[in-house]
Amino acid sequence: MTEAGQPRIRNFRDFRWDAVEHRPYKEEGSAPFRAISRQVLFEEPALGCELRYFEMEAGGFSTLERHEHMHGVMVFRGHGHCLLGTTVRAVKPGDLVTIPAWTWHQFRATAGEPFGFLCMVNRERDRPQLPTEPDLSALRGVTEVAAFLDGEPA
Ligand code: MN
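This structure is a prediction, so every number in the text was calculated from the model and none was measured.

Cut-offs used in this document
- Residues numbered from 1 in each chain as written.
- Predicted model: local features only at pLDDT ≥ 70, side-chain atom pairs only at ≥ 80, totals over all residues.
- Heavy atoms only, no water.
- Donors = N, O, S within 2.8 Å, 3.2 Å for Na, K, Ca; no water.
- Helix = DSSP H or I, 4+ residues; strand = E, 2+ residues; numbered from the N terminus.
- Salt bridge = Lys/Arg side-chain N within 4 Å of Asp/Glu carboxyl O.
- Buried < 20%, exposed > 50% of the residue type's maximum accessible area, 1.4 Å probe, protein only.
- Contact = heavy atoms within 4.5 Å.
- Core = buried A, V, L, I, M, F, W, Y, C linked by side-chain atoms within 4.5 Å.
- Lys, Arg positive; Asp, Glu negative; His and termini not counted.
- Polar contact = N/O pair within 3.5 Å; in protein donor to acceptor, adjacent residues only side chain to side chain.

Draft legend 1. Spotlight on the coordination of the manganese ion. Taken together, the protein ligands of the manganese ion are E65 (OE), H67 (NE2), H71 (NE2) and H105 (NE2), with distances of 1.9 to 2.3 Å. Taken in chain order, the donor set of the manganese ion reads E-x1-H-x3-H-x33-H. Of this pair, H67 sits in the loop between strand 5 (49-61) and strand 6 (71-77) while H105 is found in strand 10 (residues 105-108), placing the two residues 38 residues apart along the sequence.

Structure, rendered in structure tokens:
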């Protein structure tokens, strides 16, 4: 990283920020996400946290995962749905989502438009865990969750 701790202003335009790398995620055959990109907005060591912006195209989704570290999320663009534990909720710009440790979570662009959110996270963090088949079966046991995972939330 360059210029750590230095004063800096980066302008925002069209959901991109000056001098912020836009990282489309690689999608392989078995990738557990779709059509999502990442921009790291703040990664200052002195802050202890990072702020990232994730954006997905219509129909895209983030990885279904859980981990020890927490996330603080603010929806920034478009409408979508989020899975939080076994709860599915419609979310819109400005909505805040607190994702505690070891809570399954996923975001989906369900409104036929791009959907993006800001995500605050510890700089030092554990690797995400993906659901096993038994985990998925348990999640699918909740009707709303099954519909969400199939891309058809109520
Ligand atoms: Mn996560």
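Draft legend 2. Quick peek at the pattern of salt bridges. Under the counting rule described, the total for this entry stands at seven salt bridges. Between R13 and D14 there is a salt bridge, with its nearest N and O atoms 3.9 Å apart. Of the two residues, R13 and D14, neither departs from the other in class, the shared state being exposed. Measuring nitrogen to oxygen at the nearest pair gives 3.0 Å for the salt bridge that ties K92 to D95.

Draft legend 3. Seen up close, the environment of V145. Its place among the elements puts V145 in helix 2 (residues 143-149). As for V145 and V88, which are separated by 57 residues in sequence, their C-alpha atoms are 6.4 Å apart. Those residues in contact with V145 that sit more than four places away from it in its chain are L83, T86, V88 and L139.

Draft legend 4. Here's a closer look at the nonpolar core. Formed by 15 residues in total, the largest nonpolar core has its most connected members in M56, V73, V91, V97, F107, F115 and F117. Of all the elements in the fold, those that place two or more residues in this core are strand 5, strand 6, strand 9 (96-99) and strand 11 (115-122). With three residues, strand 11 is the single largest residue contributor to this core. Look past the residues within four positions of V97 in its chain and what remains in contact with it is H71, G72, V73, C82, L84, V91 and F107. If you look at the next biggest cluster of nonpolar residues, it comprises seven residues, including L64, V145, F148 and L149.

Draft legend 5. Examining the side chain of R108 more closely. Within the secondary structure, R108 is located in strand 10. For the buried R108, no salt bridge exists, and the shortest N-O distance to an oppositely charged side chain is 7.1 Å, to D150. For R108, the side chain forms a polar contact with the main-chain oxygen of F148, separated by 3.2 Å. Apart from the residues within four sequence positions on either side, R108 is in contact with M56, G60, F61, G80, H81, F115, F148, L149 and G151.

Draft legend 6. Inspection of the environment of M56 at higher detail. In this structure, M56 sits in strand 5. A relative accessible area of 1% places M56 in the buried class. For the pair M56 and A35, spaced 21 residues apart in the sequence, the C-alpha separation amounts to 5.3 Å. Not counting chain neighbours up to four residues away, the residues in contact with M56 comprise R34, A35, I36, F61, S62, F107, R108, A109, P114, F115 and F117.

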